[in-house]
Amino acid sequence: MTTRAPRRDAVENRAGILSAARSTLANDPYASVDVIARSAGLSRRTLYGHFDDRDALIRELISSGAQRFNAIAASVADDDCRLALARLAALLWREAAHVQVAAALALDEAHVEHTAEALAPLRRTVADLARRGQEDGSFRTDLTAPTLARLIEEMARTVISRTDAASAEAANVAVRALLSIAGLSWRETDELLAAHPEFGAEA
């Protein structure tokens, strides 16, 4: 038995709902299904034809965003763990800054379990960086590697949800915060960013 491909209008409607949800939630993180549907130019009934409820829609947003975050993590290949973490922080910040409210929703307690699962490849990258950084002396060793990786994740979560994305210093703050948690002093971070100013620059 063959599975029929979705009709083109159904695919376009689904994409339109997701796009509308991103922009609507950016303006109002508590926007209702009705508001999101109107923003997409569709009826509430049509939206429910694609998503069972608001949470299902948000989970889909998280999953699609996670794919982009995971791809960024896979693209970071610096041998120097300090550079790898700085690059990862800068690239993830630039991605998250465009969808900051949606990213914050993904990290709230209601969706944190789904987010953790969707971001498993990114989390493995952070865990590997923490381990390698400790082994080569780049990162702090007063904590176990899993604990350090978790602290880096939590700092990233805080930066995404608490930093003003419109601030000219936002990218710089994001990179500095993660390097600080990893164990670099502010002077070491200054030297790294002086050699690689693109890490602290806005997109």
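The present account deals with the structure reproduced in this document. Keep in mind that this is a model prediction, so the values were computed, not measured. (Residues numbered from 1 in each chain as written. Predicted model: local features only at pLDDT ≥ 70, side-chain atom pairs only at ≥ 80, totals over all residues. Heavy atoms only, no water.)

**A closer look at the packing of helix H8 (residues 120–135) against helix H9 (residues 145–162)**
At a closest axis distance of 8 Å, the pairing of H8 and H9 adopts a crossing angle of 125°. Relative to H9, the element H8 is oriented oblique. Note on packing geometry: the crossing formed by H8 with H9 is right-handed. Along its contact with H8, which presents Arg123, Val126, Ala127, Ala130, Arg131 and Gln134, the element H9 presents Ala145, Leu148, Ala149, Ile152 and Glu153. A per-class count over the contact of H8 with H9 returns 7 nonpolar, 1 polar and 3 charged. (Axes fitted to C-alpha atoms, helices over the stretch in contact; angles between N-to-C directions. Helix = DSSP H or I, 4+ residues; strand = E, 2+ residues; numbered from the N terminus. Parallel < 35°, antiparallel > 145°, perpendicular 65-115°, else oblique. Left-handed = near helix turned anticlockwise from the far one by under 90°. Contact = heavy atoms within 4.5 Å. Nonpolar A, V, L, I, M, F, W, Y, C, P; charged D, E, K, R; others polar.)

**Brief notes about the environment of Asp80**
Considering the arrangement of structural elements, one finds Asp80 in the loop between helix H4 (54–75) and helix H5 (81–97). Between the C-alpha atom of Asp80 and that of Gly133, which follows or precedes it by 53 residues, the distance is 8.2 Å.

**Considerations on helix H11 (residues 186–195)**
If you check which residues of H11 are buried, you get Thr189, Leu192 and Leu193. Mapping the buried residues of H11 onto a view down its axis gives an arc of 95°, with all of them on the same face. Those residues of H11 that are exposed and aimed more than 90 degrees away from the buried face are Arg187, Glu191, Ala194 and Ala195. (Buried < 20%, exposed > 50% of the residue type's maximum accessible area, 1.4 Å probe, protein only. Arc of directions from axis to C-beta.)

**Focus: the pattern of salt bridges**
What the rule picks out here adds up to 12 salt bridges. As a salt-bridge pair, Glu153 and Arg123 come within 3.1 Å of each other at their nearest N and O atoms. Taken together, the residues Glu153 in helix H9 and Arg123 in helix H8 connect sequence positions 30 residues apart. Judged by relative accessible area, which is 22%, Glu153 ranks as partly exposed. Between Arg132 and Asp128 there is a salt bridge, with the nearest N and O atoms lying 3.2 Å from each other. (Salt bridge = Lys/Arg side-chain N within 4 Å of Asp/Glu carboxyl O.)

Structural measurements only, silent on function.
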